[in-house]
Amino acid sequence: MEHGSERESGDGSAPARYNQDIHDERHSVREALRADLPAAHMGLGVTVIILIVVASFSGFRWTLIVAGAFVAWFILALAVVRVGSGRGWDAVRRAYIATFGWGNWI
C-alpha cells in the first residue's frame, strides 16, 4: 500500500513528470525563439537593404509604406514594453529587439 501512495505523490508521479516535461518544452521553445541585440542589428541591416531594393524597383511610395509598417511595429512594441514595466533605454532596446530580432534566423 505504501508503495502505491508513494508512487502517486512522489517526484516520479505522472503529474510531476508532466509538469517537468511541460517546463522543459517551454524552456527549449524560449531558447529557440530568443533574440539578442546583434540579431536585431542584422535584422535592421536586412530591412535597410530591402528598403533600398523596394525603392529601386517600386518607387518612393512603396518604400514609405514598408518603412511605415516597421515604424508602426516598433511603436506598438515600445507601447507594449512601456505598459509592461519597461522604462527608459531598456524599453527602447527591448522594442528594437522585438522589431528587428528576426535577424537571428537569416
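Residues numbered from 1 in each chain as written. Predicted model: local features only at pLDDT ≥ 70, side-chain atom pairs only at ≥ 80, totals over all residues. Heavy atoms only, no water.

Visitor: Quick question: what am I supposed to make of helix 4 (residues 60–83) here?
Guide: In a regular helix each residue adds 1.5 Å, so 24 residues correspond to 34 Å; helix 4 covers 34 Å between its end C-alpha atoms and thus fits that length. Those residues of helix 4 lying buried are Thr63, Ala77 and Val81. Looking at the buried positions of helix 4, the neighbouring elements they touch are helix 3 (37–58) and helix 5 (88–100). Immediately downstream of helix 4, the backbone of Ser85 shows phi near 115°, a positive value. (Helix = DSSP H or I, 4+ residues; strand = E, 2+ residues; numbered from the N terminus. Expected span 1.5 Å × (residues − 1). Buried < 20%, exposed > 50% of the residue type's maximum accessible area, 1.4 Å probe, protein only. Contact = heavy atoms within 4.5 Å.)

Visitor: What's the story with a nonpolar patch on the surface in this structure? I'm lost.
Guide: Taken together, the side chains of Leu44, Val48 and Ile52 present a nonpolar region at the surface, about 240 Å² in accessible area. For Ile52, the position within the fold is in helix 3. (Patch = residues over 30% accessible without salt bridge, like charges linked within 9 Å, V, L, I, M, F, W, Y side chains within 5 Å. Areas by Shrake-Rupley, 256 points an atom, 1.4 Å probe, with all protein chains shown as cover. Salt bridge = Lys/Arg side-chain N within 4 Å of Asp/Glu carboxyl O.)

Visitor: Just to check I follow, could you spell out the side chain of Thr47 for this structure?
Guide: Along the chain, the position of Thr47 falls in helix 3. What makes Thr47 buried here is its relative accessible area of 4%. Polar side-chain contacts of Thr47 include one of 2.7 Å to the backbone oxygen of Gly43. The contact partners of Thr47, leaving out residues within four places of it in the chain, are Phe70, Phe100 and Trp102. (Polar contact = N/O pair within 3.5 Å; in protein donor to acceptor, adjacent residues only side chain to side chain.)

Visitor: I'm lost on the environment of Pro38 in this one. Help?
Guide: Along the chain, the position of Pro38 falls in helix 3. Placed 59 residues apart in sequence, Pro38 and Ile97 show a C-alpha to C-alpha distance of 9.1 Å.

Visitor: Got a minute to help me understand the side chain of Thr63 in this structure?
Guide: Note on placement: Thr63 falls in helix 4. Within the structure, Thr63 has its side chain in polar contact with the backbone nitrogen of Ala55 (distance 3.2 Å). When near neighbours in sequence (up to four residues on either side) are disregarded, Thr63 contacts Leu51, Val54 and Ala55.

Visitor: Whenever I open this one, the packing of aromatic side chains confuses me. Can you help?
Guide: Within the structure shown, the criterion is met by 2 aromatic pairs. Each member of the aromatic cluster is reached from another via a ring pair, and the members are Phe70, Tyr96 and Phe100. (Phe/Tyr/Trp six-rings, centres within 6.5 Å; stacked < 30°, edge-to-face > 60°.)

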